[in-house]
Amino acid sequence: RDEGAALARAMVLNSDARLVNGSGSGAGDPTEVALLDYVAGSGTDIADLLRQSPRRAELPFSSERGRMTTLHTAAGGESMLLTKGAPERVVPRCTHVQLPAGRIPIDHAAVMGEADEMARNGLRVLAFAVRDVASRDAASLDAKSIDGQALSDDEERDLTCLGFVGLMDPPRDE
């Protein structure tokens, strides 16, 4: 699996924002709009990704949790959980990291060191992670969401870290 494509897919699917007229402007959280605009600018067909992997459930972002998780149908009818948020809230829930050579057990200190380095360079850092969900587990998660129960924090486990995105915030008017 191409880790760059997996990260772009996570940036699109784990978002409540939408681009207007393809790119440039959008509706929703400005950070999420910026992520979608970046992915669209790389030539990725966002509408196609959204069609291929519809959202089935969500655990919304909250400042207390520092992350957001969505459940999607994946290729072949399988399911996947996608989580994004502050590195210190996402990375501890990861057991693996996706590298060009493949998926390997995570070294939490090394991965957090990368996020810290990005932050020291003035970037706001978001972590993205995925967990493939077995069909029987996905059915249980679907039942929860259909019954109006939210996904729970317990589902945000055994994740594979896909990577970090660094955003440079514009200077504030003082």
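To be clear, the structure that these remarks concern was listed above.
Note that this is a predicted model, so its numbers are computed, not measured. (Residues numbered from 1 in each chain as written. Predicted model: local features only at pLDDT ≥ 70, side-chain atom pairs only at ≥ 80, totals over all residues. Heavy atoms only, no water.)

A short note on the overall build of the chain
Scanning the chain from terminus to terminus reveals 6 helices and 9 strands. Within the chain, the fraction of its 174 residues that count as buried is 43%. Within the chain, residue pairs in contact and separated by at least 24 positions form 61% of the contacts whose partners lie at least 6 positions apart. Taken as a whole, the chain presents about 9,200 Å² of accessible surface, with 52% of it coming from carbon and sulfur. (Helix = DSSP H or I, 4+ residues; strand = E, 2+ residues; numbered from the N terminus. Buried < 20%, exposed > 50% of the residue type's maximum accessible area, 1.4 Å probe, protein only. Contact = heavy atoms within 4.5 Å. Areas by Shrake-Rupley, 256 points an atom, 1.4 Å probe, with all protein chains shown as cover.)

Remarks on the layout of surface pockets
Computed from the structure, the largest pocket encloses a volume of approximately 380 Å³. Lining the largest pocket are 18 residues, and of these Phe-61, Gly-66, Lys-84, Gly-85 and Leu-126 lie nearest its centre. Taken together, the elements giving at least two residues each to the lining of the largest pocket come down to helix H2 (30–41), strand E5 (79–85), helix H4 (87–90) and strand E8 (124–133). When its residues are assigned to classes, the lining of the largest pocket shows 7 nonpolar, 4 polar and 7 charged. (1 Å grid on protein atoms, 1.4 Å probe; cavity = no way out; pocket = protein on both sides within 12 Å on 5 of 7 lines; lining within 4 Å. Points joined across faces, edges and corners; volume = space filled by probe spheres on them. Nonpolar A, V, L, I, M, F, W, Y, C, P; charged D, E, K, R; others polar.)

Digging into the nonpolar core
If you look at the biggest cluster of nonpolar residues, it comprises 24 residues, and the most contacted ones within it are Met-11, Val-12, Leu-35, Phe-128, Leu-162 and Val-165. Secondary structure elements with two or more residues in this core: helix H1 (3–13), H2, helix H3 (46–52), E5, E8 and strand E9 (159–167). The element contributing the most residues to this core is H1, with 7 residues. Leaving out residues up to four positions away in the same chain, Leu-35 has contacts with Met-11, Leu-126, Phe-128, Val-165 and Leu-167. (Core = buried A, V, L, I, M, F, W, Y, C linked by side-chain atoms within 4.5 Å.)

Thoughts on the pairing of strand E3 (residues 55–62)
In this structure, E3 lies alongside strand E4 (residues 67–73), joined through 5 bridges in antiparallel fashion. In the sheet register, Leu-59 faces E4, and the bridge partner there is Thr-69. Counting the residues in the hairpin turn of E3 and E4 gives 4 residues, including Gly-66, whose phi is positive at 70°. (Pairing = 2+ DSSP bridges.)

Some thoughts on H2
Given a rise of 1.5 Å per residue, 12 residues ought to cover 16 Å, and the 16 Å separating the end C-alpha atoms of H2 matches this to within 8%. Residues of H2 that are buried: Thr-31, Glu-32, Val-33, Leu-35, Leu-36 and Val-39. For H2, the N-terminal cap is Asp-29; the gap from its side-chain oxygen to the backbone nitrogen of Thr-31 is 3.0 Å. (Expected span 1.5 Å × (residues − 1). Polar contact = N/O pair within 3.5 Å; in protein donor to acceptor, adjacent residues only side chain to side chain.)

What about the side chain of His-96?
Mapped onto the elements, His-96 comes out in strand E6 (residues 94–99). Residues within four places of His-96 in sequence aside, it is in contact with Arg-103, Ile-104, Pro-105, Ile-106, Leu-159, Thr-160 and Cys-161.

Some thoughts on helix H5 (residues 108–120)
For H5, spanning 13 residues, the distance from its first C-alpha to its last is 18 Å, which sits close to the expected 18 Å at 1.5 Å a residue. Within the sequence span of H5, burial applies to Val-111, Met-112 and Ala-115. Around the axis of H5, the buried residues are gathered within 95° of arc, so they sit on the same side. In H5, the exposed residues that point more than 90 degrees away from the buried face are Ala-109, Glu-114 and Arg-120. One or two steps after H5, the chain reaches Gly-122, where phi turns positive at roughly 85°. (Arc of directions from axis to C-beta.)

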